Amino acid sequence: MKLAKLFVLPLLLTVFALGGCDENNNVISQPEDPGDETPTLPCEALGLNLRFNIGQDIFAVYENGLSSNVIHVFSSGSEVFIVLSNDDFAFGFSGPPTMDGQDCDLNVAMADFDKDGMFDETATMFTSTCAIENNGFIFTLFPNEAVINASDKMADAFQTFESTEMDIQCKESQVVSDQTFFEGLIKELGYTQPN
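As the structure is a prediction and not an experimental result, all values here were calculated from the model.

Helix and strand counts for the chain stand at two helices and 12 strands. Tracing the chain from N to C terminus, the helices and strands come up as β-β-β-β-β-β-β-β-β-β-β-α-β-α. Burial status across the chain gives 44% buried among its 195 residues. Relative to all contacts within the chain whose residues are 6 or more apart in sequence, the contacts with residues 24 or more apart total 59%. Counting only carbon and sulfur atoms, one obtains 50% of the accessible surface of the chain, whose full area is about 10,500 Å².

Okay, structure coming up:
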C-alpha cells in the first residue's frame, strides 16, 4: 500500500478589464455601454448543500482548458459526488458538504483505470476537501492537503492530478440522465435518483 500526500495551493485568479493606456502610460478605463447585456454564465451557481435539480438532476461540469481533465459535480443536498476524468483514468469522490455549502469534506475515493464505467478499486483511506469559488463558477478540487491510502497503481494515478486540479472553470450544466457513463459512476458512489 502507498500513502501519498498532495500539497496543492489554490491559485488566485484576477481578471482585469483594461481599455488601454495613454501617452504617459496611465490606464484609460473602458466606459460601460448601458446597452450591454450581462453575459449568460454557463453553470448555475448552486451551493453544494442544495440538490442540483433545476427541473431535472444536473451535473455542473468544470473543465481545465490546459489539460484533458474534466470534473462532473453533483449534489444530493447531503452528499457531494464528483467524477474526475481525463483520457486515461476516471476517479470518483464523495463526501458531505460543509455547513456553508461552499465546501465539502471528501472521504471516499474510487478509481476506474480502464474507463469502462465500473470502479476497479476503492481507497482504504481518503481525506480531502473541495470548494466552490466565485459564486460557483470555479471549482477547486484538493485545495488543501489530500491523503490517499491505496494500491501503488491507484496512488500513482491519483498523483497525476496533483498539479492540475486547481481552480477549474465551470463550462456547462449537463442533465445527469443524458450522461450514462458519469451517471453510472455516481450511482456506484451511492447516488440514488428520487422516485
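Across all of its chains, the model carries three salt bridges by this definition. Note that D57 is salt-bridged to R51, the shortest N-O span being 3.3 Å. Here E183 makes a salt bridge to K187, at a shortest N to O gap of 3.7 Å. Of the two residues, E183 and K187 are both situated in helix α2 (residues 180-188); the distance of four residues between them amounts to about one turn of the helix.

A separate point is the packing of aromatic side chains. One pass over the full model with this rule turns up 15 aromatic pairs. Centre to centre, the rings of F52 and F74 are 6.2 Å apart; their planes meet at 70 degrees, and the pair counts as edge-to-face. With F52 in the loop between β1 (2-6) and β2 (58-63) and F74 in strand β3 (residues 70-75), the pair connects residues that are 22 residues apart, well separated along the chain. Take F74: its relative accessible area is 0%, and that puts it in the buried class. Among the aromatic residues, those joined into a cluster by ring pairs are F52, F59, F74, F81, F181, F182 and Y191. The ring of F113 has K153 lying over it, and the distance from NZ or CZ to the ring centre is 4.3 Å.

One can find S75 in strand β3. Here L48 takes part through its backbone oxygen, which lies 2.5 Å from a polar atom of the side chain of S75. Excluding anything up to four places from it in sequence, S75 contacts L48, N49, L50, R51, F52 and V80.

Scanning the entire structure with this criterion turns up two disulfides. Here C43 pairs with C170 through a disulfide, and the sulfurs are 2.0 Å apart. The chirality of the disulfide connecting C43 with C170 is left-handed, given an S-S dihedral of about -105 degrees. Residue C43 is found in the loop between β1 and β2, and its partner C170 is found in strand β12 (residues 168-175); the two are separated by 127 residues along the sequence. Classification of C170 by relative accessible area gives buried; the value is 8%. Sequence-ordered numbering of the bonded cysteines in the chain gives a pairing of 1-4, 2-3.

This part covers the pairing of strand β5 (residues 90-95). Taken across its six residues, β5 has six buried, putting it largely inside the fold. Burial along β5 is two-sided: the residues A90, G92 and S94 and F91, F93 and G95 are all buried. Two strands pair when backbone bridges link them, and strand β4 (residues 80-85) and β5 are joined in this way by six bridges, in the antiparallel orientation. Residue S85 lies in a different strand from β5, and its bridge partner there is A90. Counted along the chain from β4 to the antiparallel partner β5, the turn is four residues long. Note that β5 and strand β7 (residues 108-112) share five bridges and pair antiparallel.

The rules behind each value
Residues numbered from 1 in each chain as written. Predicted model: local features only at pLDDT ≥ 70, side-chain atom pairs only at ≥ 80, totals over all residues. Heavy atoms only, no water. Helix = DSSP H or I, 4+ residues; strand = E, 2+ residues; numbered from the N terminus. Buried < 20%, exposed > 50% of the residue type's maximum accessible area, 1.4 Å probe, protein only. Contact = heavy atoms within 4.5 Å. Areas by Shrake-Rupley, 256 points an atom, 1.4 Å probe, with all protein chains shown as cover. Salt bridge = Lys/Arg side-chain N within 4 Å of Asp/Glu carboxyl O. Phe/Tyr/Trp six-rings, centres within 6.5 Å; stacked < 30°, edge-to-face > 60°. Lys NZ or Arg CZ within 6 Å of the ring centre and 35° of its normal. Polar contact = N/O pair within 3.5 Å; in protein donor to acceptor, adjacent residues only side chain to side chain. Disulfide = S-S within 2.5 Å. Pairing = 2+ DSSP bridges.

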